[in-house]
Amino acid sequence: MGRRSGCTGGLWGGARRRHTGRVATSRVGQAMDAVHRVGFLPADQRQHGDLDVPLPIGWGQTNSQPTTVRQMLELLDVRPGDRVLDVGAGSGWTTALLAWLTGPTGQVVGVERVPGLVEFGAANLARADLPWASLQQARAGVLGDPDHAPYDRILVSAGARTLPEQLVAQLVPGGVVVAPVAGRMLRAVRPRSGGAPEVEEHGWYRFVPLVSDPPADPAASPADRG
């Protein structure tokens, strides 16, 4: 399935600043104060949870820089009651933040391609007690979650070469996807009456690449599938 290889991100050249991602005057800031990052980190990284830097979570992936997460969530503009898809859920932190923003009248689905991170992130999310949010294994050969589309908002935490048209197609008319594309953060809105999405660019970022897992070959033996 076409997606990223972990939950990571950050402004280029990010210094070891304190947790400036939290801005309690905004709804996103309130979410970040309510859903603490430390609860989504491995035990050996929790002492660094207040630093404004990406932190490793295993499997070669990181928990994103808080400032980057805040900026992406502000661009996404999640409303109470929204249905939201979190592509590349990783540690589950962004999935939980999105769930706080939608409230219990909404729904958040996180998808992750790394099996170990699915287990880690789902356990973190369960402890957050946000039952309207879930984190699940992404299907090979599938980008996003088309079977349960459409979504009001889609967050992507991996760098694509071009805007993923498959994800735009999984939005409601007027829905928003925020994704890093070719080093730029894009905010794309699906038009209400057809045509190309309306796209805005917002700064330079560095993320792990959006990768693709090929679908399983039904004719292959289990040994061939590795």
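An account of the accompanying structure is given in this report. These numbers were taken from a predicted model, which means no experiment stands behind them. (Residues numbered from 1 in each chain as written. Predicted model: local features only at pLDDT ≥ 70, side-chain atom pairs only at ≥ 80, totals over all residues. Heavy atoms only, no water.)

## So, the overall build of the protein chain
Under the convention used in this document: A run of DSSP states H or I qualifies as a helix once it reaches four residues; a run of E qualifies as a strand once it reaches two. Both are numbered from the N-terminal end. Relative accessibility under 20% of the residue-type maximum defines a buried residue, over 50% an exposed one, and the middle range a partly exposed one, all with a 1.4 Å probe and only protein chains included. Between two residues, a contact is recorded if the distance between any of their heavy atoms is within 4.5 Å. All accessible-area figures derive from a Shrake-Rupley calculation using a 1.4 Å probe, and residue coverage is judged against the displayed protein chains alone.
From N to C terminus, the protein chain includes 6 helices and 11 strands. The buried share of the protein chain, reckoned over its 226 residues, is 54%. Across the protein chain, the fraction of contacts at a sequence separation of at least 24, relative to all contacts at a separation of at least 6, is 63%. Here the protein chain has roughly 10000 Å² of accessible surface; of this, 53% comes from carbon and sulfur atoms.

## Details of the environment of Val-111
With respect to the helices, strands and loops of the structure, Val-111 is situated in strand E5 (residues 107–112). Under the relative-accessibility criterion, Val-111 is labelled buried at 2%. C-alpha separation for the pair Val-111 and Asp-86, spaced 25 residues apart in sequence, amounts to 6.3 Å.

## Remarks on the nonpolar core
The following threshold applies: What is meant by a nonpolar core is a set of buried Ala, Val, Leu, Ile, Met, Phe, Trp, Tyr and Cys residues, joined one to another through side-chain atoms within 4.5 Å.
Ranked by internal contacts, the top residues of the largest apolar core, which has 30 residues, are Leu-73, Leu-76, Trp-93, Leu-97, Leu-98, Leu-155 and Val-178. Every element with two or more residues in this core is listed here: helix H1 (27–34), helix H2 (66–76), helix H3 (93–102), helix H4 (115–127), strand E6 (133–137), strand E8 (171–181) and strand E9 (184–189). Of the residues forming this core, the biggest block, 6 residues, is contributed by H3. Setting aside residues no more than four positions away along its own chain, Leu-155 makes contact with Met-72, Leu-73, Leu-76, Leu-85, Asp-86, Val-87, Thr-94, Leu-98 and Val-178. One finds Val-87, Ile-154, Val-156 and Ala-188 within the second-largest nonpolar core, a separate group that totals 18 residues.

## Let's talk about H2
Of all 11 residues that make up H2, 9 are buried, and the element is covered over most of its length. With its phi angle positive at about 55°, Asp-77 sits one or two positions after the end of H2.

## Some points on the side chain of Thr-94
Of note, Thr-94 is situated in helix H3. Look at Thr-94 and you get buried, because its relative accessible area is 4%. Excluding residues that lie within four positions of it along the chain, Thr-94 makes contacts with Val-69, Asp-86, Ala-89 and Leu-155.

## A few points about the pattern of salt bridges
Rules: Salt bridges are identified by distance alone: a Lys or Arg side-chain nitrogen within 4 Å of an Asp or Glu carboxyl oxygen.
Applying the stated rule across the entire model yields 3 salt bridges. Arg-79 is the salt-bridge partner of Asp-77, the closest N and O atoms lying 2.8 Å from each other. The exposure class assigned to Arg-79 is partly exposed, which follows from its relative accessible area of 44%. A salt bridge links Glu-201 to Arg-184; the nearest nitrogen and oxygen atoms lie 3.1 Å apart. Remark: Arg-184 occurs in strand E9 and Glu-201 occurs in strand E10 (residues 198–204); sequence separation between them is 17 residues.

## Focus: the pairing of strand E2 (residues 55–58)
Here is the rule we go by: A strand pair is defined by DSSP finding two or more bridges across the two strands.
Pairing geometry for E2 and strand E3 (residues 61–63), over 3 bridges, is antiparallel. The partner of Pro-56 across the bridge, within E3, is Thr-62. Counting the residues between successive antiparallel strands, the hairpin from E2 to E3 contains 2 residues, one of them, Trp-59, with a positive phi of roughly 60°.

## Some points on the packing of aromatic side chains
Heads up, the rule is: Two aromatic rings from Phe, Tyr or Trp, using only the six-membered ring of Trp, form a pair when their centres are within 6.5 Å; if the ring planes differ by under 30 degrees the pair is stacked, by over 60 it is edge-to-face, and anything between is tilted. Lysine and arginine charges are scored as sitting over a ring when NZ or CZ, respectively, is within 6 Å of the ring centre and within 35 degrees of the ring normal.
Considering all chains together, one arrives at 0 aromatic pairs under this definition. The ring of Tyr-151 carries Arg-83 above its face, with NZ or CZ at 4.5 Å from the centroid.

## A word on unusual backbone geometry
Comment: phi is negative for the bulk of residues other than glycine, and the bulk of peptide bonds are trans. Of the consecutive residues Ala-149 and Pro-150, the connecting peptide bond is found in the cis state with omega at 10°. Turning to its location among the elements, Pro-150 is positioned in the loop between E6 and strand E7 (151–156). The backbone of Trp-59 shows a phi angle near 60°, a positive value even though the residue is not glycine. The residue Trp-59 is located in the loop between E2 and E3 in this model. If you check the backbone angles, Asp-77 has positive phi at about 55° while not being a glycine. Mapped onto the elements, Asp-77 comes out in the loop between H2 and strand E4 (83–87). Looking at Asp-77, the relative accessible area reads 30%, which means it is partly exposed.

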